[in-house]
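Residues per chain are reported as follows:
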Number of protein chains: 2
Amino acid sequence: MNEWELIARLTPGLATNASVVVAAGDDCAVLDLGLPGQFALFKTDAVVEGIHFASDAPPEKVGHKALARGLSDIAAMGGQPNSALVTLALPRPFDPARVERLYAGLNATAQRFNVALVGGETTTNPERMLLSVALLGTVEKERCVLRSGAQAGDALFVTGELGGSLSGRHLEFEPRIAEARWLTAHFAIHAMIDLSDGLAGDLRHLIHASKVGAELLASAIPVSRAAKLQARAESSAKTPLLAALTDGEDFELLFTVPPSVAVPLHDAWKKQFPQIRLNCIGKITAEPGLHLRDKQGVKPLTAHGYTHFAKS
Amino acid sequence: MNEWELIARLTPGLATNASVVVAAGDDCAVLDLGLPGQFALFKTDAVVEGIHFASDAPPEKVGHKALARGLSDIAAMGGQPNSALVTLALPRPFDPARVERLYAGLNATAQRFNVALVGGETTTNPERMLLSVALLGTVEKERCVLRSGAQAGDALFVTGELGGSLSGRHLEFEPRIAEARWLTAHFAIHAMIDLSDGLAGDLRHLIHASKVGAELLASAIPVSRAAKLQARAESSAKTPLLAALTDGEDFELLFTVPPSVAVPLHDAWKKQFPQIRLNCIGKITAEPGLHLRDKQGVKPLTAHGYTHFAKS
C-alpha cells in the first residue's frame, strides 16, 4: 500500500463540521470561520532528513524549504499566508548551531512573505531531523481557486521550468505567492495546483478533482536546464521530457483558464513577470485521462509522478 | 543545551506581523485575523514513538492522545477547537491496520469535540512513528485567558488529580474544553495553563509570564491514586507529592482567580462538575519564585517538572 492508497482509505468518514468548505484533497483546507468576505486556509507540510533533504544540506536552505513548500500550497489556492508554527523534531545529540542556522533560513523567508512565526515546539526524533510547518492563511472568497474547477476546453498553463529540481532548486525555489495573487486579481482562473509530485502526477490530481481529462503538448513543456544537463551527464537518467513530467519538487503553478483568456493572460504576464516563464502546455478535455501529443500523434501518458514513499 | 534553552535562544527576533496578539510562549498562538469579536487560536503538538508513547500502545489511544494534547492547549486559552490537520510520519514498512486504528481513535475524539479533520499528510520517518497535529480554534476576545494575567493575592486552582499519568492516564485523558468554557463564561479567570510538564514546571511558566511568585500548600495538592500506588510499589519511586509536582502529562487546568471569587467558584464547580475534583492549592505572591508550605514551614521549591529532552 502506498501513500495515496493509504490516504484514500483513511479520508472518507473523517470528522467534519459546519465551517468546512474544502477538507482533505486540495492544496490547503478551506474553512469559513466567519471572517467577513474571506476564507481561512490551513496547511501542514513536513520535511524529513534523508528523505526531503540530505543530512549535509545547508541548514538555512532546509529552513527555507520547510516553510516555502507550504507557502506554495497557499499560493495554489490564490491565498495570502498569515502565520506559521514550526515543529522541529531533533536527533540526539543535536547541534545548536545547525538549529540556529535552520531558523535563520526559516525566519528570512517568513519575513520576506510577511508570515509571522508564532511558535511551535521542539521535540525528539532520535535518528534524524524532521521539520513540520503548519500554515494559516486567508483568501477572498471569490478569489479562492480549487483543483476542481477545470472545464473541458480550458487552456493549461505552467509557470517556470520543470524537472531536475533535486539537483538544487528544491532547496531554493520561491513560492509563487505574488504571481498567484496577480493571476486571481486579473483573470478567471478555473483550477490551480502547485507542482510537488511532478507535472504528470499533479495534473492527474487536478483532472481527477475536476472530473475531466487533459492533453499535454510535448513540445510546449518547459524543460529546465538542470534536467537537460542530467540527461546528458548520466546515460541512465530520464530523458529531459520525462524528467519534466515526473521529477517532482518543482513548486511551480499549474492552472487552467477559459481559452478566450489564454492570449491576453500570456501577454499581460510577460509584462508583469518578464523574468518568469509562462507556457501554455495543453488543454483540458472532456474525455477523461491524461494524453500527450507529440510528433507521432496522441498517446495515453503512463509516466507517473513519483510518490513520496517510493522516492528514497 | 536543553529544549527550553534552545527555544529561549530561537524565539527572539522571529518574524511577526500586525495580526499577532500572542506569539510563542503561551499554550496557543493568538491571532486577530479580523473575525468579529473573536481571536483565532493556533497550535501544533507532536508525539513520537518511544518518547511520548510506547511502540505497543494501543493505536486508538495514540491517535486520541495526539489530538487531545492540542485540545488541552485550546482549553487552557478558554477557546473552542475548530479543525485539525494530521501529519503522520510512518516507519517503513508500515502496518496499514495500525494506521487505521490510530485514525479511528483520532476521529472518535475529533467527533466528540466537534473538530473537523481537514487533511494533513503522510510521510516517511523510517525508524519510528511520529504524529503531529495542527489545531485551529477560536475564542471570544474577552474570554481569551493567557498565562500572563496572574496577580498577587490570586487563588490558585487545579482540576483533577496529579501524578502517575504515565502509568495509563496519559493515553486516555479528556481535554478540559467544556470545563474551561464554563469557567470563562462565569468567572474572571486571570491566568490559565494546562499541565503537560508537571505542576511545578508549568506553574513556573505561569508565574514567569505573569512576573509574580506562587506559594503551594502541600496538603492541598491532589495526588492521584496512580502516583500513590507507584510510590508504594517501587522503593525507588518518587514520593506521591513529588510525583504530583513533577510527573507531567496530567493535562489538567491550572488557573488563578481573584481571592473573592475562590469560594463561589468552588461551590458552583461542585454542582456543575460533581465528578471532577477542583482544588485550591495555593496563592499567587508578589515575591517572585515558587515556594511550598508544609508542616515544617515555607521553603523554596526546587523540584522541576521534567523537560521532554530528559524524559527518555
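Residues numbered from 1 in each chain as written. Chains lettered and ligands numbered in written order. Predicted model: local features only at pLDDT ≥ 70, side-chain atom pairs only at ≥ 80, totals over all residues.

Caption draft 1: Region of the structure containing the pairing of strand 4 (residues 80-90) of chain B. Residues and elements named next belong to chain B. Judged by how many residues are buried, strand 4 sits mostly within the fold: eleven of eleven residues are covered. Relative to strand 6 (residues 130-140), strand 4 is paired through nine bridges, and the arrangement is antiparallel. From the neighbouring strand, V86 faces strand 6, where its bridge partner is V133. As defined by bridge partners, strand 4 adjoins strand 5 (residues 116-124) across seven bridges and the pair is classed as parallel. The partner of A84 across the bridge, within strand 5, is L117. (Buried ≥ 20, exposed ≤ 12 C-beta atoms within 10 Å, placed from the backbone. Helix = DSSP H or I, 4+ residues; strand = E, 2+ residues; numbered from the N terminus. Pairing = 2+ DSSP bridges.)

Caption draft 2: Summary view of helix 3 (residues 96-112) of chain B. Residues and elements named next belong to chain B. For helix 3, with 17 residues, the first-to-last C-alpha span of 24 Å sits near the 24 Å given by 1.5 Å per residue. For helix 3, the complete set of buried residues consists of V99, L102, Y103, G105, L106, N107, T109 and A110. Trailing helix 3 by a residue or two, N114 shows a phi angle of about 55°, which is positive. (Expected span 1.5 Å × (residues − 1).)

Caption draft 3: Geometry of the relation of the copies chain A and chain B. Rotating chain A by 180° and moving it 0.0 Å along the rotation axis overlays it on chain B with an RMSD of 0.0 Å. Here the copies are linked by what is in effect a two-fold axis. In terms of proximity to the rotation axis, the leading residue of chain A is L35(A), whose C-alpha is 2.4 Å off the axis. Most of the interface of chain A is mirrored in chain B, where 98% of its interface residues are also at the interface. (Least-squares fit on C-alpha atoms with pLDDT ≥ 70 in both. Contact = placed C-beta atoms within 7 Å.)

Caption draft 4: Main features of the domain arrangement of chain A. Residue and element names in this part refer to chain A. Taken domain by domain, chain A holds domain 1 (41-136) and domain 2 (146-311). Just the C-alpha atoms count here: the centres of domain 1 and domain 2 sit 25 Å apart. Taken residue by residue, the interface counts 17 residues in domain 1 and 17 residues in domain 2. If you list the elements that add at least two residues to the side of domain 1 that touches domain 2, you get helix 2 (59-76) and strand 4 (80-90). Residue contributions to the side of domain 1 that touches domain 2 peak at ten residues, all from helix 2. (Domains from an automatic or database assignment.)

Caption draft 5: Layout of the sheet that holds strand 6 (residues 130-140) of chain A. All names here are of chain A. Pairing is mixed across the open sheet formed by six strands, whose spatial order is 1-2-3-6-4-5. What marks the edges here is a single partner per strand, and that holds for strand 1 (20-22) and strand 5 (116-124). The mean inter-strand angle of the sheet, taken between neighbouring strand axes irrespective of direction, is 20°. Two elements, strand 1 and strand 2 (residues 29-31), share two bridges in a ladder whose sense is antiparallel. (Axes fitted to C-alpha atoms, helices over the stretch in contact; angles between N-to-C directions.)

Caption draft 6: Representation of the interface of chain A and chain B in the model. Contact residues are listed per partner, giving 58 residues for chain A and 57 residues for chain B. Looking at which element gives the most residues to the side of chain A that touches chain B, the answer is strand 5 of chain A, with nine residues. Considered class by class, the residues forming the side of chain A that touches chain B number 32 nonpolar, 20 polar and six charged. (Nonpolar A, V, L, I, M, F, W, Y, C, P; charged D, E, K, R; others polar.)

Caption draft 7: Expanded view of the sheet that holds strand 8 (residues 191-194) of chain A. All names here are of chain A. With respect to topology, seven strands assemble into an open sheet ordered 8-10-7-11-9-12-13, the strand pairing being mixed. The sheet is open, and its two edges are formed by strand 8 and strand 13 (297-300), each paired on a single side. The mean angle between the axes of side-by-side strands here comes to 25°, regardless of whether they run parallel or antiparallel. The pairing of strand 8 with strand 10 (residues 253-257) spans four bridges and is antiparallel. Paired with D194 across the strands is L253, a residue of strand 10. Taken strand by strand, helix 5 (residues 199-210) contacts strand 7 (155-159), strand 8, strand 9 (213-217), strand 10 and strand 12 (289-294), and its axis lies near 145° from that of strand 8.

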